[in-house]
Amino acid sequence: MIAVIKKGTTQEQMDVLVQWLATQNIEVHISQGHNYTVLGLIGDTTHVDMDLIESLDIVESVKKVSEPFKQCSKKFHPDDTVVDVNGMKIGGGHFQLIAGPCSVESKDQIISVAESVKASGAGILRGGAFKPRTSPYDFQGLKSVGLDLLLEAKRATGMPIVTEIMNTEHLPLFEQVDIIQVGARNMQNFELLKALGHTNKPILLKRGLANTMKELLMSAEYIMASGNPNIILCERGIRTYETYTRNTLDLSAVPMLKELSHLPVVVDPSHATGSSKLVKPMALAAAAAGADGLMIEVHNDPLHAWCDGAQSLTPEQFADVAEKVRKIREIL
Ligand code: PEP
Ligand code: MN
């Protein structure tokens, strides 16, 4: 349930209502918008007298919210969330290019890719240190050594970094990581989501291979319900019957998620397609669909990449995509 509060309501008047709701075991999430304030009522609202609340002088309207997600709902928080990553903003009109290799492989590799993608306009560096691989015999990432190399690249270029966490026990290693990524395979690892909710780090939450948008938003809700509102949603393709592409990029998720939620939405055309030649058209389409950013895999030598070479762009190809994305955004 949400209550829209009239403009000009004093803090004291609002406190009286919030305290009364607390006596009904209702927690209140306050969202201060430009034009109005919205109170999100969290808890069992079935016994709350809607008419009584609506009759109050300070209340403009009361609405039932049917969606199971509350804090990430646009109804609870009408203004877009802007996630600030060391001054790099995503959401609410701010667009970011996130680029880098699938996996961190060496100091030279990560620093050279970081420098080239930064020169082409990427604001945030990606790189996997802990890799979720389908086969236990495949390269599993350089782990904490990879994290150290990413931090070196951060110091060398000044770029904030994003990298994936797979285990709550690894959280202390992520202290200096700017955005913690929850990969597709962990989207419903609820203990991990709760633990990340107790941090104040921006979280890049990827949609699971076979998860609905509602399930993605419920996972974001887990993080928010534990106290962390800094979430970036990521559409990275879903499993369908199609086999020519690694996954099927669900671009309709961009406008749909942005209608349902105030959280920024970025698109990963690399994992969505699995093919470097499909990355550019899908990146442009995602920008045209209103994405708040793109996450693209870039490797200095895709042919010899330890992971996901087939979908990695060269730095030159990335520069071309970045320029065309800028043009699409100018038209928008
Ligand atoms: C990744 O971004 O490195 C990754 C493994 O992606 P996903 O979780 O979307 O498969
Ligand atoms: Mn990858």
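In the block above lies the structure referred to throughout.
First, a word on what this report is: a plain description of the structure on this page.

About the thresholds
- Residues numbered from 1 in each chain as written.
- Chains lettered and ligands numbered in written order.
- Predicted model: local features only at pLDDT ≥ 70, side-chain atom pairs only at ≥ 80, totals over all residues.
- Heavy atoms only, no water.
- Helix = DSSP H or I, 4+ residues; strand = E, 2+ residues; numbered from the N terminus.
- Rg over C-alpha atoms; globule rule 2.2 N^0.38 Å.
- Buried < 20%, exposed > 50% of the residue type's maximum accessible area, 1.4 Å probe, protein only.
- Areas by Shrake-Rupley, 256 points an atom, 1.4 Å probe, with all protein chains shown as cover.
- Lys, Arg positive; Asp, Glu negative; His and termini not counted.
- Charge placed at Lys NZ, Arg CZ, Asp CG, Glu CD.
- 1 Å grid on protein atoms, 1.4 Å probe; cavity = no way out; pocket = protein on both sides within 12 Å on 5 of 7 lines; lining within 4 Å.
- Points joined across faces, edges and corners; volume = space filled by probe spheres on them.
- Nonpolar A, V, L, I, M, F, W, Y, C, P; charged D, E, K, R; others polar.
- Pairing = 2+ DSSP bridges.
- Axes fitted to C-alpha atoms, helices over the stretch in contact; angles between N-to-C directions.
- Near = heavy atom within 4 Å.
- Polar contact = N/O pair within 3.5 Å; in protein donor to acceptor, adjacent residues only side chain to side chain.

Observations regarding the overall build of the protein
Turning to step 1, where the next piece is worked out: The helix and strand tally for the protein stands at 10 helices and 14 strands.
Turning to step 2, where the next piece is worked out: Taken over the C-alpha trace, the protein has a radius of gyration of 21 Å; the compact-globule value for 332 residues is 20 Å, and the two agree within 12%.
Turning to step 3, where the next piece is worked out: Each of the three principal axes of the protein carries a C-alpha extent, and together these read 65 × 45 × 40 Å.
Turning to step 4, where the next piece is worked out: Counting the 332 residues in the protein, one finds 52% classified as buried.
Turning to step 5, where the next piece is worked out: If you sum the accessible surface of the protein, you get close to 14,800 Å²; carbon and sulfur atoms cover 52% of it.
Turning to step 6, where the next piece is worked out: Once the 32 positive and 39 negative side-chain charges of the protein are each reduced to a mean point, those two points are 4 Å apart.

Section: empty space enclosed by the protein
A probe matching the size of a water molecule, rolled over the atoms, marks out where space remains unfilled.
Turning to step 1, where the next piece is worked out: On inspection of all chains with the given rule, the structure shows one cavity of 30 Å³ or more.
Turning to step 2, where the next piece is worked out: By volume, the largest cavity is sized at about 50 Å³.
Turning to step 3, where the next piece is worked out: Lining the largest cavity are R126, G127, G128, F130, K131, P132, V162, T163, E164 and Q181.
Turning to step 4, where the next piece is worked out: Taken together, the residues of the lining of the largest cavity break down into three nonpolar, four polar and three charged.

Digging into the sheet that holds strand β2 (residues 27-32)
Turning to step 1, where the next piece is worked out: The strand order across the open sheet formed by four strands is β2-β3-β1-β4, and the pairing between neighbours is antiparallel. Edge positions in the sheet fall to β2 and β4 (59-63), since each of these pairs with one other strand and no more. Strand-to-strand twist across the sheet, computed as the mean angle between neighbouring axes with direction ignored, equals 20°.
Turning to step 2, where the next piece is worked out: As defined by bridge partners, strand β1 (residues 2-5) adjoins strand β3 (residues 37-42) across four bridges and the pair is classed as antiparallel. Each residue of the ladder has a partner; that of V4, found in β3, is V38.

Description of the site of ligand 1
Turning to step 1, where the next piece is worked out: Taken together, the neighbourhood of ligand 1 is formed by R126, K131, P132, E164, Q181, G183, A184, R185, K206, R236, H271 and M295.
Turning to step 2, where the next piece is worked out: In this structure, an oxygen atom belonging to ligand 1 sits 2.8 Å away from a side-chain N or O atom of R126.
Turning to step 3, where the next piece is worked out: One of the side-chain N or O atoms of K206 is found 2.8 Å from an oxygen atom in ligand 1.
Turning to step 4, where the next piece is worked out: In the complex, 97% of the free accessible area of ligand 1, which totals 290 Å², lies under the protein chains.

Some remarks on the layout of surface pockets
Turning to step 1, where the next piece is worked out: The calculated volume of the largest pocket comes to roughly 240 Å³.
Turning to step 2, where the next piece is worked out: In terms of lining residues, the largest pocket is bounded by 19 residues, among which P132, R185, R246, H271 and D308 are the most central.

Notes on the pairing of β3
Turning to step 1, where the next piece is worked out: Of all six residues making up β3, five are buried, and the element is well covered by its neighbours.
Turning to step 2, where the next piece is worked out: Judged from the six bridges that link them, β2 and β3 form a sheet pairing that is antiparallel. When the bridges of β3 are listed, E27 appears paired with I42.
Turning to step 3, where the next piece is worked out: If you look at the hairpin formed by β2 and β3, you'll find four residues sitting between the two strands.

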